[in-house]
Amino acid sequence: MLDIKYLRNHFEEVKDKLHARGEDLSDLEQFETLDQSRRTLIAKTEELKSERNNVSKQIAEMKKEKKDADDYITKMRAVGEEIKKIDQELREVEEKLDKLMLSIPNIPHESTPVGETEEDNVEVRSWGDVPSAENLKPHWEIGTNLGLLDFEKAAKVTGSRFVFYKGLGARLERALLNFMMDLHADEHGYEEMLPPYMVNRDSMTGTGQLPKFEDDAFKIDGWDYFLVPTAEVPVTNYYRDDILSIDDLPAKFVAFSSNFRSEAGSAGRDTRGLIRQHQFNKVELVQFVKPEDSYEALEELTKHAETILQRLELPYRVMSMCTGDLGFTAAKKYDIEVWMPSYETYREISSCSNFEDFQARRAGIRFRREEKQKPEFAHTLNGSGLAIGRTVAAILENYQNQDGTVTVPKALQPYMGGKTIIS
RNA sequence: GGAGGAAUACCCAAGUCUGGCUGAAGGGAUCGGUCUUGAAAACCGACAGGGGCUUCAUCGCCCGCGGGGGUUCGAAUCCCUCUUCCUCCUCCA
């Protein structure tokens, strides 16, 4: 959410900046009317309330002195009616204004490249050599042939875009989960967290999934609960409506969760393999920082995610998302893309974002620099560190051997009971 | 699932039955001061956040006793509703 005062005072400037995102800004035109009538109504009702407060005190005095106060009471009855009417009107205006404010995306940071589509994203750096082997199989074939993955059984038991991991496949997923959690907790200074897999509406609104993207979420029938699309939601909302002390910042959490996405609008895309599932596992990094530190923190957090790929010796590149490809909530975003041999291209495996105070404002996440000072909004960041299913896919493809087996990356061998090869 | 009880400021806690100098007693913690060689103790003082209008800034005004509604001239106090927590029964990984 944007600062309403900033929007009021820099309306044209904000509009221009949002235009670069390719957003439909037609709703924004209501802003000035709604904002103005809200303030007018508040002034009216508060003046009447002030009068009511004063007269009610007088009535109390008169009653105590056994004087007749009926005239005042009659008068205040009318004032009360008027207040009720204005308050109702105010509520309607505020509801509309809230809805509008919640639907305005974040303003891109000045360092975010301007562009319309993913074609305009900018490569920041790349790591590792892209192999030029032939005869490469896609990961679903490798995984199915080796008995690591079973998509057919999952389709029977649940439906499309689900998978069973089996044997060493299940073990590989679990090894990666432990490897990633250990690395971030032990070497990168994150506190470990296992969050709930369901969250309420306020949490989904706080991080920006709602109200605009309800179609993307799985909602629990009969409850106002949603399956988490990412651990970002429960972990960021951990501090919702809290005022942190300056000593709490930076707060860094690494959380594992399964993630659930409806993939509405993705019909026909990535229908095979692990790339696009309704349920997938992910290790997520979340940081709460002081505003002046957030861009440094974004670089740091992105490097933390990259470290995983470097230890696994998987080639990747880092892309800076352009204004048109930023997503709703981010001011700046890096995608880390891993090399996928069978696709002969890089595929997203991590997304690292600085939301500045956009989420903090929605979720009421604040901190105080000094005891008596006014609270300020913190900056929030997060990034995948990493998406585990896609990491499995990348390992199967990049570490496949001509005989159909898969070599276990060195860094994972301790987590695989010393196994060096999956056959 | 059934039956009860509770939610007051950083923490504890009075007030709720009997609505009105409660814009919230009292205690603790914290911060500042007096005293002291220093500390402790004692004593004095401070201690709610948010929104709006106005202002250079203050002052002032509105909201505020878990959330949201309602009754009333007036609500921490009465009514409805939701949430969370506790006790007992039942069930359960």
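The rules we used
Residues numbered from 1 in each chain as written. Chains lettered and ligands numbered in written order. Predicted model: local features only at pLDDT ≥ 70, side-chain atom pairs only at ≥ 80, totals over all residues. Heavy atoms only, no water. UniProt positions renumbered as here; feature names shortened; annotations may be inferred. Buried < 20%, exposed > 50% of the residue type's maximum accessible area, 1.4 Å probe, protein only. Helix = DSSP H or I, 4+ residues; strand = E, 2+ residues; numbered from the N terminus. Pairing = 2+ DSSP bridges. Core = buried A, V, L, I, M, F, W, Y, C linked by side-chain atoms within 4.5 Å. Contact = heavy atoms within 4.5 Å.

Where an unreviewed UniProt entry is consulted, chain A appears under the name Serine--tRNA ligase, with the organism given as Pelagirhabdus alkalitolerans. Its UniProt record, at the heading Pathway (unreviewed entry), says of chain A: "Aminoacyl-tRNA biosynthesis; selenocysteinyl-tRNA(Sec) biosynthesis; L-seryl-tRNA(Sec) from L-serine and tRNA(Sec): step 1/1."

**Q** Which parts of the structure should I look at to understand the pairing of strand β12 (residues 345-356)?
**A** Counting buried positions over the twelve residues of β12 gives ten, a clear majority of the element. As paired strands, strand β11 (residues 332-340) and β12 are joined by nine bridges and run antiparallel to one another. Its bridge partner lying in β12, D335 is registered against S351. The turn linking β11 back onto β12 is made up of four residues, and E344 within it adopts a positive phi angle of 50°.

**Q** How should I be thinking about the nonpolar core in this particular structure?
**A** General note: in soluble globular proteins, nonpolar side chains tend to be found buried as a group. In this structure, L176 and L412 are the most contacted members of the largest nonpolar core, which totals 53 residues. The element that contributes the greatest number of residues to this core is helix α7 (residues 167-187), accounting for eight residues. Setting aside residues up to four positions removed in sequence, L412 forms contacts with L172, A175, L176, F179, L312 and I395.

**Q** Please explain the UniProt feature "coiled-coil region" (unreviewed entry) in chain A as it appears in this structure.
**A** Within this structure's numbering, the places UniProt gives as "coiled-coil region" (unreviewed entry) are residues 34-103. Between the C-alpha atoms that bound residues 34-103 the distance is 15 Å, and the span itself is 91% helix and 0% strand.

**Q** Can you help me understand the sheet that holds strand β14 (residues 376-377) in this one?
**A** Hydrogen bonding along the main chain pairs the strands of a sheet, whether they run parallel or antiparallel. One open sheet holds the three strands; their spatial order is β7-β13-β14, and the pairing between them is mixed. The sheet terminates laterally at β7 (243-245) and β14, the two strands that pair on one side only. Two elements, strand β13 (residues 366-368) and β14, share two bridges in a ladder whose sense is antiparallel. If you follow F367 over to β14, its bridge partner there is E376.

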